[in-house]
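Summary of structural features
Given next are the chains, with one letter for each unit.
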Amino acid sequence: MPILHALQETFGHVPQQAVPLLAEALNLSRADVHGIVSFYHDFRDAPAGRHVMKLCRAEACQSMGGHALAERLLHRLGLDWGGTTGDGQLTIEPVYCLGLCACAPAALIDGRPLGRLDQERLDAAVNEARNDWSRP
Amino acid sequence: MNAVPPISAASTPSGIRIFVPRDVAALAVGADEVAGAITAQAAALGAAITIVRTGSRGLFWLEPMVEVETAEGRVAYGPVQARDVPALFAAGWLTGGSHPLRIGRPEDHPFLVRQTRLTFARCGIVDPLSVDDYKAAGGYRGLAKAIEIGGAATVEAVTKSGLRGRGGAGFPTGIKWKTVRDAVSDQKYIVCNADEGDSGTFADRMILEGDPFCLIEGMTIAGLAVGATRGYIYSRSEYPHANATMRAALDIARAAGLLGRNILGSDLEFHLELRVGAGAYVCGEETALLESLEGKRGVVRAKPPLPALKGLFGRPTVVNNLLSLATIPVILDLGAQYYADFGMGRSRGTMPIQLAGNVLHGGLFETAFGMTLGEIVMEVGGGTASRRPVRAVQAGGPLGAYLPPSQFDTPYDYEAFAARDALIGHGGLVVFDDTVDMAHMARFAMEFCAEESCGKCTPCRIGSTRGAEVVDRILAGRDVAANIELLEDLCNTMKFGSLCALGGFTPYPVLSAIRHFPEDFHRGRLPAAAE
Ligand SMILES: Cc1cc2nc3c(=O)[nH]c(=O)nc-3n(C[C@H](O)[C@H](O)[C@H](O)COP(=O)(O)O)c2cc1C
Ligand code: SF4
Ligand code: FES
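Just so it is clear, the model here is predicted, and its values are computed rather than measured.

**Looking at the interface of chain B and chain A**
- With 60 residues of chain B in contact, the opposing surface of chain A contributes 36 residues.
- Carbon and sulfur atoms make up 59% of the surface buried where chain B meets chain A, a total of about 3500 Å² over both sides.
- Among the residues of chain B in contact with chain A, Ala 278, Arg 297 and Phe 444 of chain B are the three that bury the most area, contributing 16% of the side total.
- Where chain B packs against chain A, one counts 1 salt bridge.
- In this structure, the salt-bridge partner of Glu 447 of chain B is Arg 57 of chain A, at a minimum N-O distance of 3.6 Å.
- Counting the contacts that link chain B with chain A gives 23 residue pairs in polar contact (both at pLDDT 80 or more).
- For the side of chain B that touches chain A, the secondary-structure elements that each account for two or more residues are helix H1 (24-27), helix H10 (240-255), strand E8 (271-276), strand E12 (350-357), strand E16 (428-433) and helix H16 (438-452) of chain B.
- Residue composition of the side of chain B that touches chain A, grouped by class: 31 nonpolar, 17 polar and 12 charged.

**Side note on the site of ligand 1**
Residue and element names in this part refer to chain B.
- What surrounds ligand 1 is a group of 19 residues, the closest being Gly 167, Asp 195, Asn 320, Asn 321 and Ser 324.
- The contact in question runs from a nitrogen atom of ligand 1 to an N or O atom on the backbone of Gly 284, over 3.2 Å.
- Bound to the protein, ligand 1 loses 91% of the 610 Å² it would expose on its own.
- Those elements giving two or more residues to the shell around ligand 1 turn out to be strand E9 (317-321) and helix H19 (501-505).
- Ranked by residues supplied to the shell around ligand 1, first place goes to E9 with 3 residues.
- In terms of residue class, the shell around ligand 1 is built from 5 nonpolar, 8 polar and 6 charged.

**A short note on the sheet that holds strand E3 (residues 107-109) of chain A**
All names here are of chain A.
- Spatially, 4 strands are ordered E2-E1-E3-E4 in an open sheet, and the strand pairing comes out mixed. Single-partner strands in this sheet number two, and they are strand E2 (90-95) and strand E4 (112-114). Each strand axis lies, on average, 20° off the axis of its neighbour in the sheet, ignoring direction.
- Note that strand E1 (residues 51-56) and E2 share 6 bridges and pair parallel. Its bridge partner being in E2, Lys 54 is matched across the sheet by Glu 93.
- On the sheet, helix H6 (residues 119-130) packs against E1, E2, E3 and E4 and is oriented at approximately 160° with respect to E1.

Cut-off values and rules
The residue count restarts for each chain, going from 1 along the sequence in the order it is written. Chains and ligands are labelled by the order in which they are written, letters from A for the one and numbers from 1 for the other. Where local features are concerned, this predicted model is filtered to residues with pLDDT of at least 70; where side-chain atom pairs are given and counted, the filter is 80 or more; whole-chain, interface and lining totals use all residues. Note that the side-chain values use all heavy atoms of the structure and ignore hydrogens as well as water. The contact criterion used throughout is that any non-hydrogen atoms of two residues lie within 4.5 Å. Computed with a 1.4 Å rolling probe, the buried area is the accessible surface lost when two parts are put together, summed over both parts. Note on definitions: salt bridges are taken to be side-chain nitrogens of Lys or Arg within 4 Å of carboxyl oxygens of Asp or Glu. As used in this structure description, the phrase polar contact means that two N or O atoms lie within 3.5 Å; if the pair is within protein, one of them must be able to donate a hydrogen and the other to accept it, and residues adjacent in sequence are counted only when both atoms belong to side chains. Under the scheme used here, helices are H or I runs from DSSP no shorter than 4 residues and strands are E runs no shorter than 2 residues, and both carry numbers assigned from the N terminus. The classification used treats Ala, Val, Leu, Ile, Met, Phe, Trp, Tyr, Cys and Pro as nonpolar, Asp, Glu, Lys and Arg as charged, and all other residues, Gly among them, as polar. We define proximity as follows: a residue is near a molecule or strand when any one of its heavy atoms falls within 4 Å of that partner. Here the Shrake-Rupley method, with its probe set to 1.4 Å, supplies the accessible areas, and only the displayed protein chains count as covering residues. Strand pairing is assigned whenever DSSP identifies at least 2 bridges connecting the two strands. Note on geometry: axes are C-alpha line fits, over the in-contact stretch for helices, and angles between N-to-C directions span 0 to 180 degrees.

So this is what it looks like as C-alpha cells:
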C-alpha cells in the first residue's frame, strides 16, 4: 500500500506498466497486484485532471443540501462522478466523509479543505481550479 | 459527579499568545487566512504576539475560534474571518476587549460547561506537537503509572474502568486485552483503528490533529499491558492533515525517547508506525483492516479465529478504536474507579459524542453516558441549523438507525439504544430537518453498502444492489406495498446472511426509515429523486 500511494502521488494514478514490476518486486502474481489496486477506490488506473475535487456524498453533508449541490455542479460541468472536464483541468470524485461533518457540506480540492459550502463558495472554488494552470 | 482537573497550555514565550486552531475543520472555514491576517496586523501595529496553532475545542459553529491569552485567562472570539482581524485589534482583543465576536472564556461557554472532558481534556488547548505542553497537561502520568504497577495490573485497571470499545461494537476493552496478554507468541501487535469512515464522526480525527501524543501514550500502555512491542495506526487517506500531524508527532516522540527502547527510562520497548488506507469503508472492519495492513485486498476474514489470538501476520493482536486507546492514559492516571463513576448501567465513563449535519451547534460533546438523545440534539445541539423542525437523527454512522423525535427520550447508553434497534456506534449523530426524504436516505444506505461491500457474501453484495433498485421502484411509486415487503425481505436476508456488520447492519437505517417514516415510502408517482 505505501508503494501504491507513492506511485499515485507521483503519477496521479497507478500506471498499468507498474503492475508487472510490482508483482515481481513483491513476489505476487499480476492478478494479485491488479486485485489490490482495483479493490481500493483511491487508486486510479488513468490520470486525473490537473486538479482533483473530492466532494463528500455522505449523510451529514446530504443533510445540509450536499446532494443537490453536487448534482447541480455535475450537471453544470456535464460530468458524472469521477469525470474530468474537457479541458483536463478538474476531476470531480466522490468521497464518503471527510470528517468535516459539523461544517457540511464539505470537499477537498487538491487536499485543501472546504467547509460550509454553498453554491457560491463551491462555484468559486471550481472556477479558480479551472483557471489555475499550475500543478498543485 | 467527579470534578475534572483543569488543563492549561505550558510554556511562556515572548509576546501575547494567540491560539488559532489548525484542525482541518477550522482550516476548511478559513483558519489559515485568519492566522495570516493576525500576523500581518500585529506586525503593522508593532504588537508582540506569538501564534500557537492548536487542535479544535470542538465548537465547530464558532470556528475559526481564536483565543487570546489575557490576565483573566484565555478569551475566545469566533467565528473570526480574516477581514474581522483589524477590528478585533482595534477593539483591544489582546487584553480581552469587547467585540461582537467575543465569546468570553471558553471554559464558561455552556457547550463546554455541560461536558466532562476526559478523553478530550487537552484537545484544542495545547499545542499538539509540543511534548512539553502534553506533559504539563498531565501527559505520560498514565504510562508512568502503568510502568509502576505492571502489565497485569494495567489490564485489571482497564477492565475495572468498564471501558467499552468506541469503534462500534462496544466490546469490553479489558477483556480483549486479557486475551492478548494471555496468548503466548514471539510477537504481538497493537493496532489502532483510525479508519473513521462513519459519516457524522470526526473524534478520531480531532485527536490525531489536536492531541496525538495521547494516542501514542495510550498505545504504548496497551503494548506494556499485553506484551506487544509493535504497533500500527491505520488511518484513512481522506484525512491528509491528520496524517501529517500524526507523522510529525511520531517523529517527535521517537526523538524524545517516548517510542523505541527504554521508554521513560524503563526497559519498555514500543515501536509505532502510521499506515494509511485507500478509500475503502470496509477496511474499518477489524479483520479487513488487518488484511489491508498486510498489503492485501481489504476482505473480511471469518471469525474465529479472533484477532486477539490470530491477528496481524497471524499473531495475537489488540485492535482498538482510536478513542478506546486515547482514553487509556486518563484511566491509568486518574484511576479506573474515577472513570467508572461516570455513566449509567453497563455504559461506564464518558463518550465523545459528535453532533453533525443539520445542527445549530455542531461539534464534539464529551459527556457521561445517560443524557437523553433529545437533550443532546435539542438542548446541546440547539436543533437544526436551518431552523426548521428536526425530522430524524441518524445515530452511529451509515449502519445506524434513523430515530424520529418521538424517540428522543432514549438515554444515550449502549443497551437503551440497542433496545430500540439503534446504535451508539462511534458516537456520531447526524441531524436532518423536515426537508429530508427518508426513502432517498434508505436508497443511499443500500447504495453505500453496494459500493463498499468487500464482496465476500452474496446477501451483502447482491442484496444491496437489489435493495437500491427496489427503493427506486418505490420512489417511482410502482407497486409500493409489494416493493416495501420485498425490501423488508431483502433486509432480513442481509441481516442473517452477512459475515460482518456492513451487510448485517445496513438493514437498520433502511428498516428504521420504513418504520418511522412510512409516509415517505407510501407515495404516489413522483419523479425519482435518485440519480
Ligand atoms: C463495515 C465496518 C466498518 C467499521 N469501521 C470502523 C472504524 O472506522 N473504526 C473503528 O474503530 N471500528 C470500526 N468497525 C468496528 C471494528 O470492526 C472493531 O469492532 C473495532 O475496531 C474494535 O475496536 P474497539 O473494541 O476499541 O471498538 C467497523 C466495523 C464494520 C463491520
Ligand atoms: S457483509 Fe459485506 S462487507 Fe461484510 S464480509 Fe460480507 S460481503 Fe464483505
Ligand atoms: S459526511 Fe461529509 S464530511 Fe462527513
